[in-house]
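Here are the chains, one letter per residue:
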Amino acid sequence: MVGEGWNRNIREHDPSAHAEIVAMRKAGQALGNHRLVGCTLYVTLEPCAMCAMAMVHARLKRVVFAAYDPKTGAAGSVFDLLADPRHNHHVEVCGGVLADLAGPMLTAYFRAKRGR
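Reading the values: rules and limits
- Residues numbered from 1 in each chain as written.
- Predicted model: local features only at pLDDT ≥ 70, side-chain atom pairs only at ≥ 80, totals over all residues.
- Heavy atoms only, no water.
- Helix = DSSP H or I, 4+ residues; strand = E, 2+ residues; numbered from the N terminus.
- Rg over C-alpha atoms; globule rule 2.2 N^0.38 Å.
- Buried < 20%, exposed > 50% of the residue type's maximum accessible area, 1.4 Å probe, protein only.
- Contact = heavy atoms within 4.5 Å.
- Areas by Shrake-Rupley, 256 points an atom, 1.4 Å probe, with all protein chains shown as cover.
- Lys, Arg positive; Asp, Glu negative; His and termini not counted.
- Charge placed at Lys NZ, Arg CZ, Asp CG, Glu CD.
- Pairing = 2+ DSSP bridges.
- Axes fitted to C-alpha atoms, helices over the stretch in contact; angles between N-to-C directions.
- Salt bridge = Lys/Arg side-chain N within 4 Å of Asp/Glu carboxyl O.
- Patch = residues over 30% accessible without salt bridge, like charges linked within 9 Å, V, L, I, M, F, W, Y side chains within 5 Å.

Description of the overall build of the protein chain
Each helix and strand in the protein chain was counted, giving three helices and three strands. In the protein chain, the order of α-helices and β-strands from amino to carboxyl end is α-β-α-β-β-α. At 14 Å, the protein chain has a C-alpha radius of gyration in line with the 13 Å of a compact globule built from 116 residues. The dimensions of the protein chain, computed from C-alpha atoms along their principal axes, are 40 × 30 × 25 Å. Within the protein chain, buried positions represent 36% of all 116 residues. Considering only residue pairs separated by 6 or more positions, the protein chain has 49% of its internal contacts joining residues 24 or more positions apart. Just so you have it, the protein chain exposes about 7,300 Å², and 57% of that area is on carbon and sulfur atoms. The protein chain carries 14 positive and 10 negative side-chain charges, and their two centres are separated by 5 Å.

What to know about the environment of Leu 106
Within the element layout of this structure, Leu 106 appears in helix H3 (residues 99-114). Residue classification places Leu 106 among the buried positions, given a relative accessible area of 17%. For Leu 106 and Ala 67, which are 39 residues apart along the polypeptide, the C-alpha to C-alpha distance reads 8.4 Å. Beyond its immediate stretch of four places on either side in the chain, Leu 106 contacts Thr 44, Leu 45 and Ala 67.

What to know about the sheet that holds strand S2 (residues 62-67)
Spatially, S1-S2-S3 is the arrangement adopted by the three strands of the open sheet, whose pairing is parallel. Each edge of the sheet is formed by a strand with only one pairing partner; in this case those strands are strand S1 (40-45) and strand S3 (92-95). With direction set aside, neighbouring strand axes in the sheet form an average angle of 15°. The pairing of S2 with S3 spans four bridges and is parallel. Along S3, the bridge assignment pairs Val 64 with Cys 94.

With respect to the pattern of salt bridges
According to the stated counting rule, one finds four salt bridges in the structure shown. A salt bridge links Arg 25 to Asp 14; the nearest nitrogen and oxygen atoms lie 3.7 Å apart. One end of the pair, Arg 25, is in helix H1 (residues 19-31); the other, Asp 14, is in the segment before H1, and 11 residues separate them in sequence. Linked by salt bridges that have partners in common, Arg 8, Arg 11 and Glu 12 make up one network.

A few points about a nonpolar patch on the surface
A cluster of nonpolar side chains, namely Val 97, Leu 98, Leu 101 and Met 105, defines an oily patch on the protein surface of about 420 Å² accessible area. Along the chain, Leu 98 turns up in the loop between S3 and H3. A relative accessible area of 58% places Leu 98 in the exposed class.

As structure tokens, then:
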């Protein structure tokens, strides 16, 4: 493991501080390179458009995620940015891994966080 992260956007007042971005920043620092060639990123929820494009720019090899995001997912559900043939780099996608477990956990987490 060369980097890990979790959402810090609210605490750090940074709209770009999604878990994926934070993990890629730490990996880049650990590797001493902005290119994460050969790296795989594991996340709980399907990446949004911002995170997906950061993965393309970082030349990430693969992203593995658990639950699809029917609202803002950009790795195959709402958008499919990682498979767009116009990019000069393509990130391999493995989605839905343990989705039956992760989906309800994410729903419960966000409901509790929002006080519902």
